[in-house]
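Commentary on secondary and tertiary structure
In case you want the letters, here they are:
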Amino acid sequence: MSSDTPLDRRPVKLLIVDDSNIVRRRIERSQQFDDLQVVGTAANGFEALELARRTDPDLVTMDLTMPQMDGIECITRLVKLKPGLRILVISALADKATAVEAMERGANGFLNKPFSDRQLNEAIAELMY
Amino acid sequence: MQSSGADRVRRLLTAAAGALLAALMALVLIVGFRLATRIRANVALLQRASLLETYPSALSQQLTALRERLGTLEYTGGVHQELADSVAGFDRNLAALERRPGVDRPVLRAAGRLWKAYTPVLAPVLAYSGEPYSDTDFGSSLSVSGKIYYTQVRRAELFAQSSAPALHRRLAALSAALQQRTSSAASRLRLLLSVGVLAVLLLGAAAAYLQLARSRGERAARAAEEQTRDILHTVREGLFLLDADYRIGTVWSQALTHLFGREDFAGLSFEELLRDKVSPATLVTATKYIKLLWGERAHENLMKSINPLGQLEVVLDNGRGGKETHYLQFNFHRVVGPQGVKHVLCTVADITSNVMLARELHEAQESAHSQIDMMVSMLHSDPLQVGGFLDTAAAGLKHVNAILKEPARSHAEFSRKLTGLSRELHSIKGEASALNLMSIAQRVHHLEDMVEELKGKSELTGNDFLPVVLKLDELLAHLRAVREVILRLSTLKDGTPSPEGTLSSPILRLRERASGAEELAATLQGLARKLAEDHGKPFTLSLEGLEAVPAAYLPTVKDCLIQMLRNAAVHGIEPDAVRRAGSKSVTGLVRVQFRRLESGCELVFEDDGAGLSPETLKEAAVRKQLLTAEQAAELDNRSALALIFKPGFSTRAEVSMDAGRGTGMDVVAKAVYALGGRIGVSTHPGRFTRFKIALPAPSQTAVA
């Protein structure tokens, strides 16, 4: 494969979307991938869309319950904006129906809050490679 | 499933071999047919050749016969004709042979040349048509033409005799060649037939083998089918496959029938399966989820984590016309083929009992937690008193147990038993609520209810007491739990773990530090506060001389005071409005005085409440059927007041935690009598109620 040449190993660009500042920082600091580059953090759906347009991320971690524009709506728009975008939902999923809904709209993975560092890294790894 | 590939190869090979054999058979038949045709043709040629072979000698003989007939002047016409026929026959047969394939042509040509040499000599003979004889008077003789004819015949005869062997040899060679060909064709045919027979045998064997293999395969398939059926009939989970149209396949396990109460699963869509069983919202989610299972993003673990049907509450017919709530667990496994997801295997299990168990466990934990919380908060305030209470309560319940064990047969005996139980429970309840140990008080209250219910029964047996015994066990367990907690708590408060680790030692140590009188005072003040709060009747409790109570009397004094305090709060102290109307202070007053006298001890209990009305007491006694109306009418005031010491007497219509069960003062009186004491009551309506208890000096009594 071409991964032998360092130039081909473009870092995976990550956009973090969560209305909680603490959770955003937590995700940013807990991820342990050398080839993962956090290109932005957004506190709501509108910010997320705006940042996604500017930074062209490969991977998005998405909270579902956010003010202004909720995660489901944001997933729908993000997928429209960039088909093939990998979306990891990180949320306290109260009911499975929301998870199914997110999945149907284009989410690729789920991580339940609260999560451990290991769970976070495993979930990201699954979507990165 | 590995053998199916090998099976297919074997089947293919067998089929190919069969086809090959069949082709061989066809070839054998075609070749055989051609060979037979050729042999038949050869045989016909051989006949002609053999016939030809006879002609040279025949010609010679005919010519000889003709010449001899001419010599003897006999009739020659017949022989002449035979000769002509022979020549014509030879020509015809030779010509026939010439046209046929498979005839040795050089030999035939040589024979033809030889035969052509006959023509010049035979032609004049055959051409002769005159009269060979002339008849004269001298007799008959050859005519002129006859003489020529004779010469010609003679010449032909000689030629024929000289040429016949050569011609015959040629013709014989021709026959021999033909015969050779024919026999070789025949042997070829024989060989061919052998091959054909062999092929038939092989074909037969192949067919037999195929048949055998097929029947073996069929048997295996039948056995497999049977096993599948057995599995599907026996397995406790519902099992079925969903196809890409989300419809159930034709194979499903019998358990589905019980789970869904229907039989028509084959072809049923998943949505139809759940419709009427779940809420519309759940149905929508479930349908979306099923669709997602076919998608590329559906990893097994991911899908499992968002399975909305992991614990589905459904309402099912219980088979007796009613409805029952069940919990079903659906699990989905994707069956992936080379072209992606082929099916989704769906398993359904009834996990109702698991869910119920988990729920019970949860509830039990919750209640344990709340109890502990409650106890801890109570103990926080006064672990010392609780310890004392636990000791008395344990003794009291021991007594209750003893009462329950007493044999009883008659109604009166049962009745006595119940009364005894009531009393004992009532006093435990009183202490428990005094200490704010509501979890205990409520349990005892329940027990009292049960005993009360038994009292109302006309006929009683030992079995009726069984629930009481069970409830009592529960209460004892609860008391043990409380004791456990207080033990830990007091250990904690002490800061030193108990050296022996026994249950009561820390409590004992705590008790040693506080005098019994202090403990009693604290208990009573606590109870007073609680009663005042519960009944909305503020009152002050004044305690005097309690420190003088002899240790031997402490438990009795405590029991009596608790009971009287409760009575005072419920019956004595009036509600606000009444007190205001009577120009009394809103806050009531209860006074307790203990004094040591020369003759013994005196305990005075007095409240500034409504006082006792003899008439009300009488009415209550009549209502309770303790007295007849006539008896009541004859009773003087003093005797009427004494009614309150009668067992089963209560003025309260409804029952509350604190009073009204008709147990109370009779317990007090009984306890006083047991110590050899006396009890008296005096009252003034609207002013006060005063109980005076006289007890002998403690040294004089044997009761501890």
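About the cut-offs
- Residues numbered from 1 in each chain as written.
- Chains lettered and ligands numbered in written order.
- Predicted model: local features only at pLDDT ≥ 70, side-chain atom pairs only at ≥ 80, totals over all residues.
- Helix = DSSP H or I, 4+ residues; strand = E, 2+ residues; numbered from the N terminus.
- Buried ≥ 20, exposed ≤ 12 C-beta atoms within 10 Å, placed from the backbone.
- Contact = placed C-beta atoms within 7 Å.
- Core = buried A, V, L, I, M, F, W, Y, C linked by C-beta atoms within 7 Å.
- Domains from an automatic or database assignment.
- Pairing = 2+ DSSP bridges.
- Axes fitted to C-alpha atoms, helices over the stretch in contact; angles between N-to-C directions.
- Parallel < 35°, antiparallel > 145°, perpendicular 65-115°, else oblique.
- Left-handed = near helix turned anticlockwise from the far one by under 90°.
- Nonpolar A, V, L, I, M, F, W, Y, C, P; charged D, E, K, R; others polar.
- pLDDT = per-residue confidence, 0-100.
- Expected span 1.5 Å × (residues − 1).
- Arc of directions from axis to C-beta.

1. Digging into the overall build of chain B
Scanning chain B from terminus to terminus reveals 21 helices and 12 strands. Buried positions account for 29% of the 704 residues belonging to chain B. In chain B, the proportion of contacts linking residues at least 24 apart, taken out of those at least 6 apart, comes to 65%.

2. Side note on the overall build of chain A
On a plain count of helices and strands, chain A comes out with 5 helices and 5 strands. Tracing chain A from N to C terminus, the helices and strands come up as β-α-β-α-β-α-β-α-β-α. Within chain A, the proportion of its 129 residues that are buried is 35%. Counted over contacts in chain A with a minimum sequence separation of 6, partners at least 24 positions apart contribute 61%.

3. Overview of the nonpolar core
As a rule of thumb, nonpolar side chains are buried together in soluble globular proteins. Counting 73 residues, the largest nonpolar core has Leu561(B), Leu565(B) and Val668(B) as the members making the most contacts within it. Considering each element in turn, this core owes the most residues, 9 residues, to helix 16 (residues 554-572) of chain B. Residues lining this core come from more than one domain, with at least three contributed by each of domain 3 (382-514) and domain 4 (515-704) of chain B. Once residues within four sequence positions are removed from consideration, Val668(B) is found in contact with Cys560(B), Gln563(B), Met564(B) and Ile679(B). Core analysis: the next-biggest nonpolar cluster, separate from the first, contains 52 residues, Ile16(A), Ile27(A), Ile87(A) and Phe265(B) among them.

4. What to know about the sheet that holds strand 3 (residues 59-62) of chain A
Each strand in a sheet pairs with its neighbour through backbone hydrogen bonds, running either in the same direction (parallel) or in the opposite one (antiparallel). All names here are of chain A. Overall, parallel pairing links the 5 strands, which are arranged 2-1-3-4-5 in an open sheet. A single partner strand is all that each edge strand has here, and the edge strands are strand 2 (36-42) and strand 5 (109-112). Across the sheet, the axes of successive neighbouring strands diverge by a mean angle of 20°, strand direction being ignored. As paired elements, strand 4 (residues 86-91) and strand 5 share 4 bridges and run parallel to each other. From the neighbouring strand, serine 91 faces strand 5, where its bridge partner is asparagine 112.

5. So, the pairing of strand 5 (residues 312-317) of chain B
Residue and element names in this part refer to chain B. Sheet topology places strand 5 next to strand 6 (residues 323-337); 6 bridges connect them, and they run antiparallel. Bridge assignment links leucine 312 to a residue of strand 6, and that residue is leucine 328. Linking strand 5 back to strand 6 in an antiparallel pair, the connection comprises 5 residues, with glycine 319 at a positive phi of about 85°.

6. Looking at the packing of helix 2 (residues 45-55) of chain A against helix 3 (residues 71-81) of chain A
Residue and element names in this part refer to chain A. Remark: helix 2 packs on helix 3, axes separated minimally by 10 Å, with the N-to-C direction vectors making an angle of 15°. Between helix 2 and helix 3, the angle is such that the two are roughly parallel. The crossing of helix 2 and helix 3 is right-handed. Contacts from Gly45, Ala48, Leu49, Ala52 and Arg53 of helix 2 reach helix 3 at Glu73, Cys74, Arg77, Leu78 and Leu81. Here the contact of helix 2 with helix 3 is composed, by residue class, of 6 nonpolar, 1 polar and 3 charged.

7. Some words on the interface of chain A and chain B
Listed as interface residues are 9 residues of chain A and, on the opposing side, 11 residues of chain B. Only helix 4 (96-105) and strand 5 of chain A provide two or more residues apiece to the side of chain A that touches chain B. In terms of residue class, the side of chain A that touches chain B is built from 5 nonpolar, 2 polar and 2 charged.

8. Observations concerning the sheet that holds strand 10 (residues 600-607) of chain B
Residue and element names in this part refer to chain B. Strand order in this open sheet of 5 strands is 8-9-10-12-11, and the pairing throughout is mixed. Strands with a single pairing partner mark the edges of an open sheet, and in this sheet they are strand 8 (539-544) and strand 11 (678-684). On average, each strand axis in the sheet is tilted by 10° relative to the strand beside it, whichever way the strands run. Here helix 16 sits on the sheet in contact with strand 9 (588-596), strand 10 and strand 12 (688-696), set at roughly 20° to strand 10.

9. So, the pairing of strand 1 (residues 133-136) of chain B
Pairing of strand 1 of chain B with strand 2 (residues 139-142) of chain B involves 4 bridges; the strand directions are antiparallel. The residue bridging Asp135(B) from the neighbouring strand is Ser140(B), located in strand 2 of chain B.

10. Here we look at the environment of Gly545(B)
Among the secondary structure elements, Gly545(B) is positioned in the loop between strand 8 and helix 16. What Gly545(B) contacts, discounting residues up to four positions off in sequence, is Gln593(B), Phe594(B) and Arg595(B).

11. Side note on helix 4 of chain A
Across the 10 residues that make up helix 4 of chain A, a large majority, 7, are buried. Along its buried surface, helix 4 of chain A packs onto helix 3, strand 4 and strand 5 of chain A together with helix 7 (280-292) of chain B. Phi turns positive, to about 130°, at Gly106(A), one or two residues after helix 4 of chain A.

12. A few points about the environment of Pro614(B)
All names here are of chain B. Along the polypeptide, proline 614 turns up in helix 18 (residues 614-623). Judged by C-beta crowding, with 18 C-beta atoms within 10 Å, proline 614 ranks as partly exposed. It is 9.3 Å that separates the C-alpha atoms of proline 614 and leucine 635, two residues lying 21 residues apart in sequence. Ignoring sequence-local partners within four residues, the contact set of proline 614 consists of Asn637, Ala640 and Leu641.

13. What to know about unusual backbone geometry
Here the bond from Lys113(A) into Pro114(A) is cis, since omega is 0°, no more than 30 degrees from zero. Within the secondary structure, Pro114(A) is located in the loop between strand 5 and helix 5 (117-128). With a phi close to 60°, Leu73(B) is a non-glycine residue in the positive phi region. Of note in the backbone geometry, Ser583(B) takes a positive phi value of approximately 55° without being a glycine. Mapped onto the elements, Ser583(B) comes out in the loop between helix 17 (576-581) and strand 9.

14. Thoughts on the confidence of the model for chain B
All names here are of chain B. Per-residue pLDDT for chain B has a mean of 82; in total, 90% of the residues score no lower than 70. Every residue in residues 496-514 scores below 50 in pLDDT, and together they form 20 contacts with partners more than four places removed in sequence or on other chains. Per-residue pLDDT stays below 50 along residues 700-704; that stretch engages in 6 contacts with residues further than four places along the chain or on separate chains. Overall fold confidence for the complex sits at a pTM of 0.44, while the interface term, ipTM, reaches 0.81.

15. Quick notes on the environment of Phe539(B)
Residue and element names in this part refer to chain B. Its location among the elements puts phenylalanine 539 in strand 8. Taking the C-alpha atoms as reference points, phenylalanine 539 and isoleucine 573, 34 residues apart in sequence, are found 7.8 Å from one another. Look past the residues within four positions of phenylalanine 539 in its chain and what remains in contact with it is Ala528, Ala532, Ile573, Thr587, Gly588, Leu589 and Val590.

16. Notes on helix 15 (residues 516-535) of chain B
Residue and element names in this part refer to chain B. Compared with an ideal rise of 1.5 Å per residue, which puts 20 residues at 28 Å, helix 15 spans 28 Å between its outermost C-alpha atoms and is within 8% of the ideal. Those residues of helix 15 that fall on the buried side of the exposure criterion are Glu519, Leu520, Thr523, Leu524, Leu527, Ala528 and Leu531. The arc that holds the buried residues of helix 15, viewed along the axis, is 165°, so those residues lie on one side. With its phi angle positive at about 65°, glycine 536 sits one or two positions after the end of helix 15.

17. Digging into the packing of helix 15 of chain B against helix 16 of chain B
All names here are of chain B. Here helix 15 crosses helix 16 at 15°, and the two axes come no closer than 10 Å. By the angle class used here, helix 15 and helix 16 are roughly parallel. Handedness of the crossing formed by helix 15 with helix 16: right-handed. Touching Gly516, Leu520, Thr523, Leu524, Leu527, Ala528, Leu531, Ala532 and His535 of helix 15 are Leu554, Lys558, Leu561, Ile562, Leu565, Arg566, Ala569 and Val570, all from helix 16. Looking at side-chain class alone, the contact of helix 15 with helix 16 contains 12 nonpolar, 3 polar and 2 charged residues.

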